[in-house]
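Chains, contacts and geometry: an overview
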Amino acid sequence: MGELYGQLAGISAVLAGFAITFLALLLGHKEHSRCLAFSIAVTIAAAANLLVSALGWSLMSSLLTQVGAQQGTAVLQDPEFYWVAGGHRMLSFTFVSGLLFLFSMLGLSGWLRSRALGIFSTASAVAAALTVWRILRHVIN
């Protein structure tokens, strides 16, 4: 179980890094518009959610790996570790929320340049979000 949480932490960290990099670019943008302000807000939310899920899964992974090495696989049935399922559920929700903000960020990015690019970026982000949802609904509970 610790390995799974480690993998999820890694994915979240990479996506959070992408969102933070994009945020830095947006903050340096010279023009000021409602679309830019909304893009910045959505990017901050994406980075925050993905950072929280990366940190949470990383800590859960290290703790379960350490305890699991001492107690074996029986650790998951131990009542002392009942919080693991609830923590995973909360972090899964945070991760999916971060992904939704990330796709919103990608959809909004085209509108900063032109209407045609905005339509394309929105359609691409919606298609990608739906595809990711079809994958994740079987993996994250």
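A few points on the structure. (Residues numbered from 1 in each chain as written. Predicted model: local features only at pLDDT ≥ 70, side-chain atom pairs only at ≥ 80, totals over all residues. Heavy atoms only, no water.)

Attention now moves to the overall build of the protein. Regarding its fold elements, the protein presents four helices and zero strands. From first element to last, N terminus to C terminus, the protein shows the α and β order α-α-α-α. (Helix = DSSP H or I, 4+ residues; strand = E, 2+ residues; numbered from the N terminus.)

For the structure on display, the rule yields two aromatic pairs. Relative to F22, the ring of F18 has its centre 6.4 Å away and its plane inclined at 25 degrees; by these criteria the two rings are stacked. Here F18 and its partner F22 are both found in helix 1 (residues 2-27), four residues apart, which amounts to about one turn of the helix. You can call F18 partly exposed: its relative accessible area is 39%. With a relative accessible area of 18%, F22 lands in the buried category. (Phe/Tyr/Trp six-rings, centres within 6.5 Å; stacked < 30°, edge-to-face > 60°. Buried < 20%, exposed > 50% of the residue type's maximum accessible area, 1.4 Å probe, protein only.)

Let's shift gears to the environment of S92. Following the sequence through the fold, S92 ends up in helix 3 (residues 83-109). With 44 residues separating them in the primary sequence, S92 and L136 have C-alpha atoms 9.9 Å apart.

Glancing now at helix 4 (residues 115-136). A rise of 1.5 Å per residue sets the reference length of helix 4, with its 22 residues, at 32 Å; its end C-alpha atoms lie 31 Å apart and thus fit the reference within 8%. When we look at burial in helix 4, the residues that qualify are G118, S121, A125 and L136. Take helix 4 and look down its axis: the buried residues cluster within an arc of 65 degrees, on one side only. In this structure, helix 4 carries A116, F120, L130 and R134 as exposed residues pointing more than 90 degrees from its buried face. Its side-chain oxygen placed 3.2 Å from the backbone nitrogen of L117, S114 serves as the N-cap of helix 4. (Expected span 1.5 Å × (residues − 1). Arc of directions from axis to C-beta. Polar contact = N/O pair within 3.5 Å; in protein donor to acceptor, adjacent residues only side chain to side chain.)

Within the largest apolar cluster, 26 residues are counted, with the highest numbers of intra-cluster contacts made by Y5, W57, M60, F95, L99 and L102. Contributing elements (two or more residues each) for this core: helix 1, helix 2 (34-71) and helix 3. Looking at which element gives the most residues to this core, the answer is helix 2, with nine residues. Other than its neighbours up to four places away in sequence, L99 contacts L15, L50, V132 and L136. (Core = buried A, V, L, I, M, F, W, Y, C linked by side-chain atoms within 4.5 Å. Contact = heavy atoms within 4.5 Å.)

For S58, the position within the fold is in helix 2. Remark: the alpha-carbon pair of S58 and L4, spanning 54 residues in sequence, is separated by 10.0 Å.

Tracing the backbone through its elements, the reader meets E3 in helix 1. What makes E3 exposed here is its relative accessible area of 71%. For E3 and T65, which are 62 residues apart along the polypeptide, the C-alpha to C-alpha distance reads 7.8 Å.

Attention now goes to the side chain of S39. Here S39 is to be found in helix 2. Under the relative-accessibility criterion, S39 is labelled buried at 1%. Separated by 2.8 Å, the side chain of S39 and the backbone oxygen of C35 make a polar contact. Among all residues touching S39, those that are not within four sequence positions of it are L26, L108 and L112.

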